[in-house]
Each structure stands twice: as structure tokens, then as C-alpha cells.
Amino acid sequence: MITVIPAIDIIDGKCVRLTRGDYDRQTTYDASPAEMVRRYVDAGLGYIHAVDLSGARLGRPDALRSLEAMASVDGARIEWGGGLKSMADMRDAFNAGASVAVAGSVAVKAPDLFAEWLRTYGGARITLGADLREGRVSVSGWTRDEDITALQLAERFIPDGLSRLIVTDIACDGMLQGPSFSLYTSLIASLPEGMVVCASGGISGLADIERLDADGVPEVIVGKAIYEGRITLKELERYGK
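Residues numbered from 1 in each chain as written. Predicted model: local features only at pLDDT ≥ 70, side-chain atom pairs only at ≥ 80, totals over all residues. Heavy atoms only, no water.

Focus: the pattern of salt bridges
- Tallied over the full model, the rule gives eight salt bridges.
- Here R60 makes a salt bridge to D62, at a shortest N to O gap of 3.7 Å.
- As a salt-bridge pair, R119 and D160 come within 3.0 Å of each other at their nearest N and O atoms. Here D160 lies in the loop between α7 (150–157) and β10 (164–169) and R119 lies in helix α6 (residues 111–121), a separation of 41 residues in the sequence.
- Taken together, the salt bridges that share partners define one network made up of E79, R164 and E219. (Salt bridge = Lys/Arg side-chain N within 4 Å of Asp/Glu carboxyl O. Helix = DSSP H or I, 4+ residues; strand = E, 2+ residues; numbered from the N terminus.)

Here's what the structure looks like:
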């Protein structure tokens, strides 16, 4: 069965959602990140994907205090990304309570460093995040597109121990119009058996999750659909990790 991972995006210590990665198209929600973590844990969704959007834009971690508060919630395991650019940043994230760290831009711009992270912490703690715009990887908080695909990027790091890949189609993100189903089935077919592909962006309701499950996608990140009431936490209880 597919695993649902709820998402929390953070700007200035607040829960937000962006539309297609546009910082000028931002919706801010009332609940604090730690409050959202408690809600998810209570629903059996203790593994949570969190992104420091301020850090992604600044190029350095900006929400470690939020991470500490989130990670202190009993039963929570936080997958953390945004602005991780150095070995010191990675250590700070883990020291603040991250269970898993996600990095994308650095894998493109400093591949030797990302490979070092994989060799140091292992594929179980370091995940590659590939955010795509028209099939190409976008970096630096989705402000610059590179001439490389998610498949090419993942294949580069398999020898270093990469075992998991989160792929976001920016065109779908925050749109509540469904994910890019064919993107994920194509990646799963192309990557080595055992590589975990996590879908992200565009989930509009439970039917999208069920279709991804039927397609053999092992994990999916869900954000705006929860905040906007398109999916209830009760409906997601059986999909927790």
C-alpha cells in the first residue's frame, strides 16, 4: 500500500502553501508548524515532510527553531529540506531533530558534496529532491532551471548509496488538479528495482492517491489538499508511515 506523507511548508515560522512554486502566490494558514505536526501524529501520520521555504530562497537554513519544535512532538519523525548547502548545515539540521534530510539544489550545483553526504549519513537519511519544470530540474527555491532530468540526476548518485527520490512537478504543485501520473510510472520503470520514488505536487483528493497506489508508486506527499479540506486526516489514517 502507498504511504502518505503530509507536508508542511514554512516561511517566517508559519505554515504556507505556494502555487506552482511562486513565492508571490502564497497562502498562509493559522496553525503553527508544531500544531500541524501534532494533528498529523494524532491521525497516525507521524512521518512528515517539511520544507524551509525561506531557507530555500536564502540559500541557508532559516527555520531550525521550527524544526526543533516540530521534532519535539512525541511520535513525530521529520523529513527536512530547504537551504541545506554545507556539511555544517546538514549537521545543524540533524542536531535540530531532523530524521531525514532532503536536498536538491546542492546535488546539481555541488554534486561531490551531495555524494559525500550520502556516504557519510547513508541513503536512509539523505533523500534527493528533484523539482521539475517542463521535465528539467529547477533549483534555488525554484528560481532557476537546469538542463538535467530527474532520472539523470538520480542515476548520478546511485553508486554513492542513493535509495530514495522525491519528485515534484512544479506545474502541478498547489494546483489541486492531480499529479503527473505518467512521470512517476516512467521513473519507476527506468530506475533500478528498490529505488523509492515519492510523488509530490497536485494531489486533489483521495482518488489521486488511490490511482498512484494502483500505478505502483510507493509514496506520495500531500499538502494543500489537506489544508483545503479536500482530504480529511481520517481518510488518510490507514496510509501512515
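Now, onward.
Quick word on the nonpolar core
- By size, the foremost hydrophobic cluster in this structure holds 73 residues, and its most contacted members are I8, W80, F114, W117 and I209.
- It is α6 that provides the largest number of residues to this core, a total of five residues.
- Those residues within four positions of F114 in sequence are excluded, and the remaining contacts are A103, V106, A107, I126, T127, L128 and F157.
- Ranked by size, the runner-up nonpolar core spans eight residues in total, among them I5, A7, Y47 and I166. (Core = buried A, V, L, I, M, F, W, Y, C linked by side-chain atoms within 4.5 Å. Buried < 20%, exposed > 50% of the residue type's maximum accessible area, 1.4 Å probe, protein only. Contact = heavy atoms within 4.5 Å.)

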